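# Structural overview
Chain residues, written in single-letter form:
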Amino acid sequence: MAKVAPRNEMPRQDPHVRGRNFDEVALGYSAEQALAEAQRCLQCKNPTCRDGCPVNVRIPEFILALRDNDMWRAVEMLKDKNNLPAICGRVCPQETQCEEKCVLGKKFEPVAIGRLERYVADWEIGQGVRKPTVAPPTGKKVAVIGAGPAGLTCAGDLAKLGHQVVIYESLHAPGGVLIYGIPEFRLPKAIVRTEVQYVQSLGAELRLNSVIGKLATVDELFAQGYDAIFLGTGAGLPMFMNIPGENLNGVYSANEFLTRTNLMKAYKFPEYDTPIMIGKQVAVIGAGNVAMDSARCALRLGADRVQVVYRRTKAEAPARAEELENAEEEGIEFHYLTNPVSILGTDKGWVSGIRLQKQQLGEPDASGRPRPVPIPGSEYEEQVDMVIMALGTRPNPMVFTDTPSLERTKHGTVVANEESGRTKRERIWSGGDIVTGAATVISAMGAGKRAAADIDAYLKNPQQTWWVE
Amino acid sequence: MYRITAREDLAPVTKLFKVYAPEVARKAKAGQFVIVRIDEEGERVPLTIADYDRDSGEITIVFQEVGKTTKQMGLMKVGDEFASFVGPLGLPTDIEKYGTVLVVGGGVGIAPIYPIARALHEAGNKVIAIIGARNQSLLFWEDKMRSVSDELIVCTDDGSYARKALVTEPMKEILSSDHKPDIIWAIGPAIMMKFAALATQPFGVKTIVSLNSIMVDGTGMCGACRVEVGGKTKFVCVDGPEFDGHQMDWQLLLDRQRIYLDQEKRATELFEQHAHGGCRCGEGK
């Protein structure tokens, strides 16, 4: 490891330009850049990068094929474990996963695995995605509830194994958080559509506009002949702070703000019918990825000033480092150690300001992070006309209508085995945010993948005892 | 896609569609709603279920042309299809044998009150019904309402048909009479429901209203539809759409209905400029 070339940067749109458009920020490697970056891989005899990946992508293998300029083999290696690589290459927090485990990273910068993954996946999309070989039909039927990262992954794997899979999605477009939450400039919707089409090409059937729990209960699905059910409905319920003024016009949940912008394309109003308020002075409460997405969407919609308000410091901010950096570059302001106490309104019911209080860090709380402690007498007001609450989400209980036997925690998440995805109820598996609470796309995909393997094992041998009480 | 199987013009701006959606029809109950979307550019609009037929697989919706989307819907014909037709959403009406019930439908609210009146009637309640509208041309379903009520009072604001009165007048008379109802449903425009709830409050009779808030997903994801009931924030889509009218923060509801007035006005004007006979060309799509 005497001489190692520096990590290849990926070109990005200029911050001053991109802050006013919804086009993708990161532009992807050129062939030369991809090859140069692939050359940096040490091809370790005992690769550790794979252990850092929740779906154990065959990282050294796909990079070797890329280096050999055998692109179809690179695609094959990449997609062996991952049905959605163009998505993962864009939204995975590689710095805390595969790249954190990269041996090169001990002394130098790790191989840019995520950027290479994106390059290979995008290359395949450019060529036209090939339909893979699918096992002969098994005659078994599986219902997958929710077409988000967990459900799509589970459905793709089960379909590949020859099972008949039907995916039920409540919204009018598949993708879950990939389509309603993550903005176009971070994950183009054409990419999501291509990856979903790939899962469909494996044989999975997609039924949109189908709210399970309302249209049919889980029991009714079993009565319709399904052998197994995977619940992957995510964590879609927005949280609010319960402070005065939170229902004023101009206060959005991040979910509503992002859904209007991304799923409904309100940024193209009136070409698209769904309207959205254009805030000029916007406060975003929270510092996770969803808060960054909200702040950057508000900027692109036409805000003059966007302030992120977070009660802890930058060190505790849950957003990916890259997203914080992108937001800072675009001119988003950050107010750390600050928390809202109330939202102020006009007599007509519109937001006119926000009352904030400074915080200091105290003893660690249940989450292990230092607890923010309000500083008495430090309250002050900022003039804003829009407030976006990006405080996290909880699972939507709707799917559990008439399914009381499914055990859940006090946080509303489903109790499921982490390895197998098995819930406490026979023939029901679950994974993703509905089990863990709001987490990452890739961890949900990992859960979908593990559940698919367990469902497949069950379907091949249903006589065995699978549930013991 | 969800095909329109029948269309009826109930009033110049009030239209009825039957839509083929057998899975929704199989589960629909009085009080629930659907979310419709016309096309790929369309917004998601909640509409209360006005009727359902489990055998034919049809859902009946009734809407008033007020903005761009409803005006565009008004141009749809039998055989046309909705891109989305999601439901049945929200909690169904709590149908029990209460004794005497008063049901009140104002304007386009006559449509959602009908299946509730019918279900209450079938459950053995004595149903007193009041339907009202601004004028005769906006009134519909008098016969249908009569068929599911023991007593029907019809009124118009301007007296162009039947009794000249706001619905709150006969409501107060009935509440003051000997056969005071045990429970009341009042559905119509927000302002009518507000005054209906104010009218019944002194009599202490529980008054249920059905809210048609602005929504996006309709499944509890976004919170666009939030209201305050008894000082607590509720989502109309999953906690409602029916709430106790005496507990409602009406001002908040009315304020929140105005969020997109400017954008709606702009979209409607653009649509009307381009909607020569329903052609969407020239809209830049």
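The rules behind these values
- Residues numbered from 1 in each chain as written.
- Chains lettered and ligands numbered in written order.
- Predicted model: local features only at pLDDT ≥ 70, side-chain atom pairs only at ≥ 80, totals over all residues.
- Heavy atoms only, no water.
- Helix = DSSP H or I, 4+ residues; strand = E, 2+ residues; numbered from the N terminus.
- Buried < 20%, exposed > 50% of the residue type's maximum accessible area, 1.4 Å probe, protein only.
- Contact = heavy atoms within 4.5 Å.
- Areas by Shrake-Rupley, 256 points an atom, 1.4 Å probe, with all protein chains shown as cover.
- Lys, Arg positive; Asp, Glu negative; His and termini not counted.
- Charge placed at Lys NZ, Arg CZ, Asp CG, Glu CD.
- Pairing = 2+ DSSP bridges.
- Polar contact = N/O pair within 3.5 Å; in protein donor to acceptor, adjacent residues only side chain to side chain.
- Axes fitted to C-alpha atoms, helices over the stretch in contact; angles between N-to-C directions.
- Salt bridge = Lys/Arg side-chain N within 4 Å of Asp/Glu carboxyl O.
- Buried area = accessible area lost by both parts, 1.4 Å probe.
- Phe/Tyr/Trp six-rings, centres within 6.5 Å; stacked < 30°, edge-to-face > 60°.
- Lys NZ or Arg CZ within 6 Å of the ring centre and 35° of its normal.

## Details of the overall build of chain B
A tally of helices and strands in chain B yields 9 helices and 16 strands. Each of the three principal axes of chain B carries a C-alpha extent, and together these read 60 × 40 × 40 Å. For chain B, the residues scored as buried account for 59% of the 285 residues in total. Within chain B, residue pairs in contact and separated by at least 24 positions form 65% of the contacts whose partners lie at least 6 positions apart. A total of about 11300 Å² of accessible surface is found on chain B, and carbon and sulfur atoms cover 49% of it. Between the centroid of the 34 positive side chains of chain B and the centroid of its 39 negative side chains there is a distance of 2 Å.

## So, the pairing of strand E15 (residues 232-235) of chain B
Residue and element names in this part refer to chain B. Where strand E14 (residues 226-229) meets E15, 4 bridges bridge the pair, whose relative direction is antiparallel. Residue pairing across strands places Val 229 opposite Lys 232, the latter belonging to E15. Between E14 and E15, which follow one another and run antiparallel, lie 2 residues, and Gly 230 among them has a positive phi close to 60°.

## Observations regarding the side chain of His 246 of chain B
All names here are of chain B. Among the secondary structure elements, His 246 is positioned in the loop between strand E16 (242-244) and helix H8 (250-256). Within the structure, His 246 has its side chain in polar contact with the side chain of Thr 207 (distance 3.5 Å). Apart from the residues within four sequence positions on either side, His 246 is in contact with Ala 197, Thr 200, Gln 201, Val 205, Lys 206 and Thr 207.

## Here we look at the sheet that holds strand E4 (residues 45-53) of chain B
Residues and elements named next belong to chain B. The 7 strands lie next to each other as E6-E1-E2-E5-E4-E3-E7, forming an open sheet whose pairing is antiparallel. Edge positions in the sheet fall to strand E6 (81-82) and strand E7 (84-89), since each of these pairs with one other strand and no more. Here strand E2 (residues 14-20) pairs with strand E5 (residues 58-64) via 7 bridges, running antiparallel. Within E5, the position partnered with Phe 17 by the bridge is Ile 61. Taken strand by strand, helix H3 (residues 110-122) contacts E4 and E5, and its axis lies near 40° from that of E4.

## Points about the environment of Ala 266 of chain A
Residues and elements named next belong to chain A. Mapped onto the secondary structure, Ala 266 falls in the loop between helix H12 (254-263) and strand E7 (281-285). Of the residues examined, Ala 266 reaches a relative accessible area of 5% and is grouped as buried. It is 23 Å that separates the C-alpha atoms of Ala 266 and Val 91, two residues lying 175 residues apart in sequence. When residues no more than four places from it in sequence are discounted, the contact partners of Ala 266 are Arg 260, Thr 261, Thr 274, Pro 275 and Ile 276.

## What about the pattern of salt bridges?
In this structure the tally under the stated criterion is 46 salt bridges over all chains. A salt bridge links Arg 312 of chain A to Asp 365 of chain A; its shortest N-O distance comes to 2.8 Å. Here the residue Arg 312 of chain A occupies a position in the loop between strand E8 (305-309) and helix H14 (321-329), and Asp 365 of chain A occupies one in the loop between strand E11 (351-364) and strand E12 (370-374), the gap between them amounting to 53 residues. Given a relative accessible area of 2%, Arg 312 of chain A falls into the buried group. When the shortest N-O distance is used, the salt bridge between Arg 7 of chain B and Asp 9 of chain B registers 2.9 Å. Classification of Arg 7 of chain B as partly exposed rests on a relative accessible area of 29%. The class of Asp 9 of chain B is partly exposed, set by a relative accessible area of 45%. What emerges from the salt-bridge pattern is a single network uniting Arg 12, Arg 18, Arg 186, Asp 293, Arg 296, Arg 300, Glu 323, Glu 325, Glu 329 and Glu 330 of chain A.

## Description of the interface of chain B and chain A
Opposite the 50 residues of chain B that make contact, chain A presents 43 residues. At the boundary of chain B with chain A, total buried surface from both sides reaches about 3800 Å², with 52% on carbon and sulfur atoms. For chain B, the biggest contributors to the area lost against chain A are Met 221, Arg 226 and Tyr 260 of chain B; these three give 19% of the whole. Between Lys 68 of chain B and Asp 273 of chain A there is a salt bridge whose closest N-O contact spans 2.7 Å. The tally of links from chain B across to chain A stands at 20 residue pairs in polar contact (both at pLDDT 80 or more). At the level of elements, helix H1 (22-27), helix H2 (68-73), E7, E14, E15, H8 and helix H9 (261-274) of chain B are the ones that each hand at least two residues to the side of chain B that touches chain A. Tallying contributions element by element places E7 of chain B first for the side of chain B that touches chain A, with 6 residues.

## A short note on the packing of aromatic side chains
Counted according to the given criterion, the structure contains 16 aromatic pairs over all chains. Judged by centre distance (6.5 Å) and plane angle (90°), the ring pair of Phe 240 of chain A and Phe 235 of chain B falls under edge-to-face. Residue Phe 240 of chain A is found in the loop between strand E5 (237-238) and strand E6 (251-253), and its partner Phe 235 of chain B is found in strand E15; the two belong to separate chains. Ring geometry for Tyr 310 of chain A and Tyr 336 of chain A: centres 6.5 Å apart, planes at 80°, overall edge-to-face. Of this pair, Tyr 310 of chain A sits in the loop between E8 and H14 while Tyr 336 of chain A is found in the loop between strand E9 (333-335) and strand E10 (338-345), placing the two residues 26 residues apart along the sequence. In terms of burial, Tyr 310 of chain A and Tyr 336 of chain A fall into one category: buried. Through a chain of ring-to-ring contacts, three or more aromatic side chains come together here, namely Tyr 2, Phe 17, Phe 63, Phe 82 and Phe 85 of chain B. The positively charged end of Arg 130 of chain A is found above the aromatic ring belonging to Trp 72 of chain A, 3.6 Å away from the centroid.

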